[in-house]
Amino acid sequence: MRKKIILIFLTCYVLFIGFLYLYLFIWNTGALSADEIGTAVDPATFLTGEELVLSEQYSNIRNLLFFLGIPYEWLFYLLILLLGIGKVFEKWAESTSKRWLFKSAIFTFCLSFASFLFFFPLGFVGYRLSKSYGLSNETFHGWMRDQLIDFWIEWVFLFIIVTFLYWLIRKSEKRWWLYAWFLSIPFTVFMMFIQPVIIDPLYNDFYPLKDKALEDKILSLAAKADIPAEHVYEVNMSEKTNTLNAYVTGIGSNSRIVLWDTTLTKLDDEEILFIMAHEMAHYVEKHIYFGIAGTLLLLLAGLFITAKLLDVLCDKYGGILRISDKTKLSSLPLILLILSVLSFAASPISNAVSRYQEERADRYAIEMTRDVDAGISTFHELTRAGLSQVNPPKLVKWFRYGHPTMKERIEMIETYEQNK
Ligand SMILES: [Zn+2]
C-alpha cells in the first residue's frame, strides 16, 4: 500500500511535469496581442535581442522550478511518513531524553536537517541558474553561508512552534488549533517587530543612504508623507545580486523603507524617486498591518482545516502513515504536509491581495511624482535587471505574482497619463 501511494504520487508528478512543459514552453499563453506590439509594454522596444531571448528562457525555467518545487515538498513529507523516517526520528528523540524540550529539539533538528539535504539540490540549481544568467554574483561560499543561516533560523522557529503546538495538542485534542492561533498572534507581531533589526542583519548590512545628494532628495520626498528620515535605509546587496529591489518592513518603531544599493546605482534619480514614492505608499497605507491581519485570518482557517483533516487522516490511515497517535511528534510531517497543501491552495488569494496593494502603491507613486516617463522606464529597467516576463501565463501570475505583471503596471501608468 505504501509503495503504491509513492508510485501513484510519482506518476502524477511526472504527468504534472509534462503539463508544465507544455504550458510554459509550448503553448506560450503570454504572447502580446497585435495592437500591443511596438508599444511601451512590448519588451522588444526596450530590451536588446539577446536580453529578450535570455529573459524568456530564464523566466520559463524559474517558473518551472517554482511549480516543480511544490509537489517536491509534498513528496518530502510523504516519504518521511511512509518510509517511517519520522518514526525513527521520534524514537531517537525519546531515547535521548525524558524532557519534552529536548525531545522536541532533537526531533525538529532531525526533520530540519533531512529537509535541508532534500531541498539542497533544488536550491543549488536555482543558485546556478541565477549565476549563469548573470543575475546573481554571489560566491558559492556566500550562498552556502546564507543557506546555513536559513537552516539555523528555520530550525529555531520550528522548534519553538512545535514545542508549543504539541503541548497544546496534548492539553486539548479538540481545540488546540484555536489556542495555537491565539498564540500565533503575539508571535507574528513579535516576529514582524524583530525582523528588520535581528533577522535581516544576519544576511546583509543595513545603513543610512550613502549618496548624500540623493539622500536629500529621497528624504524630502519622505518628509512629504511624514516618514521620519531614520526610517529610510540602504542595504548592501550588490555583492550578491545584480537585480533591483526596495521594500517596506517591520512594524512600530522598527518599521522602515529599505532600498537595495543596486537600485540606487543602476537607476537615475527620477526612477529612484518613483520607486521611493511606491514604497512610501506601502508605509503610509500601512500595508504591512493589513498583510499581518490577512495572514492571521488565513492561518485561522488553515489551522481549523488542518485539525479536522489530521483527525480524519490519523483515524483512517494512521497505520499506513506510521502515526500511532496525533499527540506524538511523528504526526508533525503530516501537519506540515497539510499546511503546505493549504498554503499553496490559498496562494492565489494572498497574491491577489498583494497585487491589489502593489497597484495602489504604483498609483500613489505616479500621483506623487507625476513623472510618467520615469514610471515607465523604471518598469523597463526592473524587467531588464530581473530578466522578467512582461506578460506571464495566467497560472504563473496567480501562483507566483505578488506584484501586478509589468504589462499591467506599465498600462496603469499610461492610463493615468491619458486621464490626466
Ligand atoms: Zn511594492
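Anything mentioned here points back to the structure above.
What counts and how
For every chain, the first residue of the written sequence is number 1, and numbering continues from 1 along that sequence. Restriction of local features to residues with pLDDT of at least 70 applies here, the model being predicted, together with a cutoff of 80 or more for giving and counting side-chain atom pairs; totals for whole chains, interfaces and linings are based on all residues. Remark: hydrogens and water are excluded; side-chain values derive from all non-hydrogen atoms of the structure. Buried means the residue's accessible area, taken with a 1.4 Å probe over protein chains only, is under 20% of the maximum for its type, while exposed means over 50%, and partly exposed covers the values in between. Only DSSP runs of H or I with at least four residues qualify as helices, and only runs of E with at least two residues qualify as strands; both kinds are numbered from the N terminus onward. In this description, strands pair whenever DSSP reports at least two bridges between them. Patch construction takes residues with relative accessible area above 30% that form no salt bridge. Like charges are linked within 9 Å, and nonpolar side chains (Val, Leu, Ile, Met, Phe, Trp, Tyr) are linked within 5 Å. In short, Shrake-Rupley with a 1.4 Å probe defines the accessible areas, and a residue's cover is counted only from the protein chains shown. Whenever Lys or Arg places a side-chain nitrogen within 4 Å of a carboxyl oxygen from Asp or Glu, that contact is recorded as a salt bridge. An expected span of 1.5 Å times one less than the residue number is assigned to each helix. Working rule for contacts: check all heavy atoms of both residues, and any pair within 4.5 Å makes them a contact. Every axis in this analysis is a line fitted to C-alpha atoms, fitted for helices over the stretch in contact. Angles between the N-to-C directions lie between 0 and 180 degrees. Note on convention: near helix rotated counterclockwise from far helix by under a right angle means a left-handed crossing. Clockwise means right-handed. Residue type decides the class: Asp, Glu, Lys and Arg count as charged, Ala, Val, Leu, Ile, Met, Phe, Trp, Tyr, Cys and Pro as nonpolar, and the leftover types, Gly among them, as polar. Buried Ala, Val, Leu, Ile, Met, Phe, Trp, Tyr and Cys residues that are joined via side-chain atoms within 4.5 Å together make up what is termed a nonpolar core. In summary, the pairing rule links any two rings of Phe, Tyr or Trp, Trp by its six-membered ring, whose centres are within 6.5 Å, and it sorts them by plane angle into stacked for under 30 degrees, edge-to-face for over 60 and tilted for everything else. To sit over a ring, a charge needs its Lys NZ or Arg CZ within 6 Å of the ring centre and within 35 degrees of the ring normal.

**Observations regarding the pairing of strand β4 (residues 256-260)**
Point 1. By the criterion of burial, β4 is predominantly enclosed, with five of the five residues buried.
Point 2. With burial as the criterion, each face of β4 is covered, one bearing R256, V258 and W260 and the other bearing I257 and L259.
Point 3. In the sheet, strand β2 (residues 232-235) pairs with β4 via four bridges, with the strands oriented parallel. Opposite V235, over in β4, you have W260 as the bridge partner.
Point 4. Bridging between strand β3 (residues 246-249) and β4 involves four bridges; their strand directions are antiparallel. The partner of V248 across the bridge, within β4, is I257.
Point 5. Counting the residues that bridge the hairpin from β3 to β4 gives six residues, and of these G250 lies at a positive phi of roughly 75 degrees.

**With respect to unusual backbone geometry**
Point 1. At D226, a residue that is not glycine, the phi angle is positive and equals roughly 60 degrees.
Point 2. Positive phi is not limited to glycine here, since K286 has a value of about 55 degrees.
Point 3. Tracing the sequence through the fold places K286 in the loop between α9 (269-284) and α10 (287-317).

**Describing a nonpolar patch on the surface**
Point 1. Among the surface-exposed residues, F19, Y21, L22, F25, I26 and W27 lie close enough to one another that they form a single nonpolar patch of about 570 Å² accessible area.
Point 2. With respect to the helices and strands, the residue Y21 is situated in helix α1 (residues 2-26).
Point 3. Residue Y21 is classed as partly exposed on the basis of its relative accessible area of 46%.

**Details of helix α14 (residues 406-419)**
Point 1. Under the 1.5 Å per step criterion, the end-to-end length of α14 is 20 Å for 14 residues, consistent within 8% with the ideal 20 Å.
Point 2. Of the surrounding secondary structure, the elements contacted by the buried residues of α14 are α9, α11 (332-369) and α12 (372-386).

**Looking at the packing of helix α7 (residues 212-224) against α9**
When two helices pack together, their arrangement is given by the angle between the helix axes and the distance between those axes.
Point 1. Put simply, α7 and α9 touch, their axes get as near as 10 Å, and they point 35 degrees apart. Between α7 and α9 lies a crossing whose hand is right-handed. Where α7 approaches α9, its residues L214, K217, I218, L221 and A222 are matched on the opposing element by D269, I272, L273, M276, A277 and M280.
Point 2. Of the residues contributing to the contact of α7 with α9, the split by class is nine nonpolar, no polar and two charged.

**Details of the nonpolar core**
Point 1. Residues W176, I218, L259, M276 and L334 are the most contacted members of the largest nonpolar core, which totals 99 residues.
Point 2. With 14 residues, helix α2 (residues 49-82) is the largest single contributor of residues to this core.
Point 3. By size, the runner-up hydrophobic cluster in this structure holds seven residues, among which are I153, M191, I194 and I199.

**Regarding the environment of D311**
Point 1. Relative to the elements of secondary structure, D311 occurs in helix α10.
Point 2. A relative accessible area of 30% places D311 in the partly exposed class.
Point 3. As a C-alpha pair, D311 and L148 span 163 residues in sequence and 35 Å in three-dimensional space.

**Focus: the pattern of salt bridges**
Point 1. A complete count under the given rule lists 15 salt bridges for this structure.
Point 2. Residue E411 is joined to K407 by a salt bridge in which the shortest nitrogen-to-oxygen separation is 3.5 Å. Taken together, the positions of E411 and K407, both in helix α14 and four residues apart, correspond to about one turn of that helix.
Point 3. Classification of E411 as partly exposed rests on a relative accessible area of 30%.
Point 4. The buried category is assigned to K407, whose relative accessible area is 13%.
Point 5. Linked by salt bridges that have partners in common, E36, K407 and E411 make up one network.

**Observations regarding the packing of aromatic side chains**
Aromatic ring pairs are defined here through the distance separating the ring centres and the angle between the ring planes.
Point 1. Applying the stated criterion across every chain, the model contains 40 aromatic pairs.
Point 2. Consider the rings of Y127 and F140, whose centres lie 6.4 Å apart with planes at 55 degrees: the pair is tilted. One end of the pair, Y127, is in helix α4 (residues 100-132); the other, F140, is in helix α5 (residues 140-171), and 13 residues separate them in sequence.
Point 3. The partly exposed category is assigned to F140, whose relative accessible area is 41%.
Point 4. Residues F151 and W152 carry aromatic rings whose centres are separated by 5.1 Å and whose planes lie at 75 degrees to one another, so their mutual orientation is edge-to-face.
Point 5. What makes F151 buried here is its relative accessible area of 8%.
Point 6. Note on W152: relative accessible area 44%, which makes it partly exposed.
Point 7. Among the aromatic residues, ring-to-ring pairing joins F109, F113, F116, F120, F124, Y127, F140, W143, F151, W152, W155 and F159 into one connected group.
Point 8. Between K210 and the ring centre of Y207, over which it is positioned, the NZ or CZ distance is 4.6 Å.
Point 9. Lying across the ring of Y233, R256 places its NZ or CZ 3.8 Å from the centre.

**As for the sheet that holds β3**
Point 1. Read across the sheet, four strands follow the order β1-β2-β4-β3 without closing on themselves; strand pairing throughout is mixed. Edge strands, defined here as strands with exactly one partner in the open sheet, are β1 (206-207) and β3.
Point 2. Together, β2, β3 and β4 form the strand contacts of α9, whose direction differs from that of β4 by roughly 155 degrees.

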